[in-house]
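Below are the chains, spelled out letter by letter.
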Amino acid sequence: MLKELRQKVFDANLKLVEYNLVVLTWGNVSAIDRKSGLVVIKPSGVPYDSMTVDDMVIVDLRGNVVYGKLNPSSDTPTHIELYRRFPEIGGIVHTHSPWAVSWAQAGRDIPAYGTTHADFAFGDIPCTRGLSEEEVNGEYELNTGIVIAEEFEKRGINPEECPAVLVHRHGPFTWGRDESKAVENALILEEVAKMAYQTESVATLSGDSDVGIEKYLLDKHYLRKHGKNAYYGQK
C-alpha cells in the first residue's frame with residue numbers, strides 16, 4: 001500500500017539525520033496522499049539507524065492505522081490536524097533542532113533580519129502561544145496542531161508564504177508541497193534561526209538596535225523567488 005510514498009517518507013526521515021537536524025529517535029517526517037486521504041509517517045521511538053521502509057506507518061485522517069505493525073509517531077495527531085487545516089501542503093517535518101528550539105523555548109518569533117530569511121519566508125517565523133494546562137493534559141498533540149493553525153489564522157499568515165512555525169516551549173514544524181520540500185524547509189529554518197541569534201548577538205555587542213530587514217527589501221527577495229512573477233532559478 002502506497003509503496004512509493006512509503007519509500008519517499010523513509011528517505012526523507014533519513015535526510016534529517018544527514019542534515020544533523022535530529023539525534024536518537026527525535027523528530028519525524030510525514031506525507032499525505034490527498035487522493036486517498038492517507039498519511040505515511042515515521043513510527044514512534046524507532047532509531048533511525050535500524051529503521052526500514054517497512055516500518056513506515058499509514059494512518060487515515062482520523063488517526064486509525066491502516067497499514068503497519070508499529071505505532072505511528074506520537075506527533076501524528078499534530079500532522080493530521082495540519083493536513084486538515086492546510087490543504088495545500090503535502091509533507092510535514094518536526095524536529096528538535098537546537099537553534100530553532102532555542103527560539104521556541106524562549107517563546108519568541110524569529111524576526112526577519114535579512115535577505116536569507118526573506119528568500120525563505122514572507123515575514124517573521126511565528127511562535128505560537130503556550131498551551132494551557134488543560135490543553136496539555138487533554139489531547140496534547142491534537143491541541144498542538146490546533147494552536148499552530150490558530151496562530152496562522154490570527155495573524156493572517158499564508159502557510160505557503162511561511163512554511164514554518166515554532167511551538168511555544170517545544171520546537172519547530174515545517175511543511176511543503178511534499179516530504180522532500182518539508183525537509184529542505186526544516187534545514188533552512190535551522191540556518192535562519194542560527195543567523196537570527198547571531199545577528200542579535202552582534203547588534204547587542206555593537207550597541208546597534210536598528211536591525212531588521214526593510215519591507216521593500218523583504219518584498220523584493222521573497223517575490224523574486226516565489227509567486228507568479230518569480231525569476232530566480234531556471235524555468
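The structure displayed is predicted, hence computed values, not measured ones. (Residues numbered from 1 in each chain as written. Predicted model: local features only at pLDDT ≥ 70, side-chain atom pairs only at ≥ 80, totals over all residues. Heavy atoms only, no water.)

Q: Can you explain the overall build of the chain? Please cite residues and give values.
A: Each helix and strand in the chain was counted, giving 8 helices and 7 strands. Its C-alpha radius of gyration of 18 Å places the chain within 12% of the 18 Å reference for a compact globule of 235 residues. For the chain, the spread of C-alpha atoms along the three principal axes comes to 55 × 50 × 35 Å. Buried residues in the chain amount to 46% of all 235 residues. (Helix = DSSP H or I, 4+ residues; strand = E, 2+ residues; numbered from the N terminus. Rg over C-alpha atoms; globule rule 2.2 N^0.38 Å. Buried < 20%, exposed > 50% of the residue type's maximum accessible area, 1.4 Å probe, protein only.)

Q: An account of the environment of Lys42 is requested, with residue identities and associated values reported.
A: Position of Lys42 among the secondary structure elements: in the loop between β2 (38-41) and β3 (57-60). Separated by 31 residues in sequence, Lys42 and Ser73 place their C-alpha atoms 5.8 Å apart. A distance of 3.3 Å separates a polar atom in the side chain of Lys42 from the backbone oxygen of Val46. (Polar contact = N/O pair within 3.5 Å; in protein donor to acceptor, adjacent residues only side chain to side chain.)

Q: Explain the packing of aromatic side chains to me, using residue names and the numbers behind them.
A: Using the criterion set out here, one finds 5 aromatic pairs in the structure. Note on Phe86 and Phe152: the rings are 5.7 Å apart at their centroids and 55° apart in plane angle, and the pair reads as tilted. In this pair, Phe86 is assigned in the loop between α2 (76-85) and β5 (91-94) and Phe152 in helix α6 (residues 140-155), connecting sequence segments 66 residues apart. For Phe152, a relative accessible area of 2% gives the class buried. Their ring planes at 55° and their centres at 5.4 Å tell us that Trp99 and Tyr197 sit as a pair that is tilted. With Trp99 in helix α3 (residues 98-106) and Tyr197 in helix α7 (residues 179-206), this residue pair connects regions lying 98 residues apart in the sequence. (Phe/Tyr/Trp six-rings, centres within 6.5 Å; stacked < 30°, edge-to-face > 60°.)

Q: Report on the state of the cysteines, specifying residues and quantitative values.
A: By definition, a disulfide links the sulfur atoms of two cysteine residues through a covalent bond. Scanning the entire structure with this criterion turns up 0 disulfides. In this model Cys127 remains outside any disulfide bridge; the closest cysteine sulfur is found in Cys162, 12 Å from its own. (Disulfide = S-S within 2.5 Å.)

Q: Please provide a residue-by-residue account of the pairing of β2, values included.
A: Burial of β2 is two-sided: the residues Leu38 and Val40 facing one way and the residues Val39 and Ile41 facing the other way are all buried. Once strand β1 (residues 28-33) ends, the chain turns through 4 residues before running back antiparallel as β2, passing Gly37 with a positive phi of about 70°. Of the strand pairs in this sheet, β2 and β3 are connected by 4 bridges, and their pairing is antiparallel. The residue of β3 that forms the bridge with Val39 is Val59. (Pairing = 2+ DSSP bridges.)

Q: Describe the pattern of salt bridges, naming the residues involved and giving the relevant values.
A: All told, the structure shown has 16 salt bridges when counted by the stated rule. Between Lys8 and Glu4 there is a salt bridge, with its nearest N and O atoms 3.5 Å apart. One end of the pair is Lys8 and the other is Glu4, both in helix α1 (residues 3-18) and 4 residues apart, which spans about a single turn. Exposure remark for Glu4: the relative accessible area of 58% places this residue in the exposed category. Where Arg85 meets Glu81, a salt bridge forms, and the shortest distance between an N and an O atom there is 3.0 Å. Of the two residues, Arg85 and Glu81 both sit in helix α2, 4 residues apart, roughly one turn of that helix. Judged by its relative accessible area of 34%, Arg85 is partly exposed. Several salt bridges share partner residues, and in doing so they unite Glu81, Arg84, Arg85 and Glu153 into one network. (Salt bridge = Lys/Arg side-chain N within 4 Å of Asp/Glu carboxyl O.)

Q: Describe unusual backbone geometry, with residues and values.
A: A positive phi angle, close to 45°, is found at Leu2, a residue other than glycine. Residue placement: Leu2 occurs in the segment before α1. Non-glycine residue Arg169 carries a positive phi angle of around 65°. Relative to the helices and strands, Arg169 is located in the loop between β6 (164-167) and β7 (171-176). Given a relative accessible area of 53%, Arg169 falls into the exposed group.

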